Amino acid sequence: MKIVLIGAPGAGKGTYAQILREKYCIPHISTGDIFREEIARDTELGRVVKSYIERGLLVPDEIVIEVVSKRLKQPDALRGFILDGFPRTLEQAKALDKIVDVDAVVHLVVSEEVAVRRLSGRRICPVCNRVYNIYYEPKPREDEKCDYDGAQLIKRPDDEPEVVRNRYRVFYETFKPIIEYYRVSSKLIEVDSNKSIKEVFPVLEEALRRNKILQLQPCKEDVRVG
Ligand code: AP5
Ligand code: MG
């Protein structure tokens, strides 16, 4: 199961990757999460990418490609992976083809209006990266604390309205050639992500099964969906 999740900011890439990871025990690889961890640890890479992320701009291709290439060579990714937020440019899509043959590229389609509302309520656990929302399920059970490790949830600095607008502009400028690239290779699956997580997840799962991409048995049955 080598899946790529793409879509606008707030489409639900991280949310569905997290559910798939827990249910099927396949690693979730998010370029955004990798960069945020590097920034938090104040590494050399973190210092380079910080200014791009803070402004809602794309990190240069050569940096992202090297990071993903290294990550996909780790032993846990050999059985499969859920790649979240990569590729974001045609250059990255072509580079990915040279690294690995992915099975499917899922485009989570969301309207800007729905996504902006979601991002304004998003909260993240700084310890385990779980994603919550104060307006929608999954809401944290205890006020602004992670259900799993009790850590105080944080708001992502790039979820400020001005940065969100920039991220959208960048997304709409770059996504069309990528969608076309994968449509031509017949790997593209489009899923309407405007509804609730409880409604969208079974549709996503069924689409993966129908296309014979999801052939694994769940490793965990009682995974929280929404
Ligand atoms: P990244 O972290 O990937 O951010 P993004 O693409 O802007 O996407 P988001 O994480 O905001 O959205 P998501 O789709 O994951 O939504 P989520 O599931 O959290 O990248 C950050 C930055 O890093 C970029 O701006 C760039 O600078 C850099 N970068 C990363 N990758 C790069 C690359 N390849 N090349 C260059 N630069 C790169 O959901 C959002 C909220 O909605 C949550 O609160 C969730 O609970 C809620 N929600 C989700 N689905 C539903 C639903 N169906 N119903 C109700 N609520 C829902
Ligand atoms: Mg995300």
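Heads up: the structure comes first, above all this text.
Worth saying up front: this structure is predicted, and the values here are computed from it rather than measured.

### Side note on the state of the cysteines
Here's step 1: One pass over the structure, following the stated rule, counts 1 disulfide.
Here's step 2: The partner cysteine of Cys25 in its disulfide is Cys219, sulfur to sulfur 2.0 Å. For the disulfide bridge between Cys25 and Cys219, the dihedral angle about the S-S bond is near 90°, and by the sign convention the bridge is right-handed. Separated by 194 residues along the polypeptide, Cys25 in the loop between helix H1 (13-24) and strand E2 (28-30) and Cys219 in the segment after helix H8 (197-210) bring together distant segments of the chain.
Here's step 3: In this structure Cys128 is a free cysteine whose sulfur lies 3.7 Å from that of Cys125, the closest cysteine sulfur available.
Here's step 4: For Cys128, a relative accessible area of 23% gives the class partly exposed.
Here's step 5: Of the cysteine sulfurs around Cys146, a residue in no disulfide, the closest is that of Cys125, at 3.8 Å.

### Comments concerning the site of ligand 1
Here's step 1: Around ligand 1, 35 residues are found, and the nearest of them are Thr15, Leu57, Arg88, Arg122 and Arg167.
Here's step 2: Arg167 places a polar side-chain atom, nitrogen or oxygen, 2.5 Å from an oxygen atom of ligand 1.
Here's step 3: Taking Lys195, its main chain carries an N or O atom lying 2.7 Å from a nitrogen atom of ligand 1.
Here's step 4: Protein burial of ligand 1: of its 1,000 Å² of free accessible surface, 97% is covered by the chains.
Here's step 5: In terms of residue class, the shell around ligand 1 is built from 15 nonpolar, 11 polar and 9 charged.

Calculation notes
Residues numbered from 1 in each chain as written. Chains lettered and ligands numbered in written order. Predicted model: local features only at pLDDT ≥ 70, side-chain atom pairs only at ≥ 80, totals over all residues. Heavy atoms only, no water. Disulfide = S-S within 2.5 Å. Helix = DSSP H or I, 4+ residues; strand = E, 2+ residues; numbered from the N terminus. Buried < 20%, exposed > 50% of the residue type's maximum accessible area, 1.4 Å probe, protein only. Near = heavy atom within 4 Å. Polar contact = N/O pair within 3.5 Å; in protein donor to acceptor, adjacent residues only side chain to side chain. Areas by Shrake-Rupley, 256 points an atom, 1.4 Å probe, with all protein chains shown as cover. Nonpolar A, V, L, I, M, F, W, Y, C, P; charged D, E, K, R; others polar.

This is a description of form; function is not addressed.
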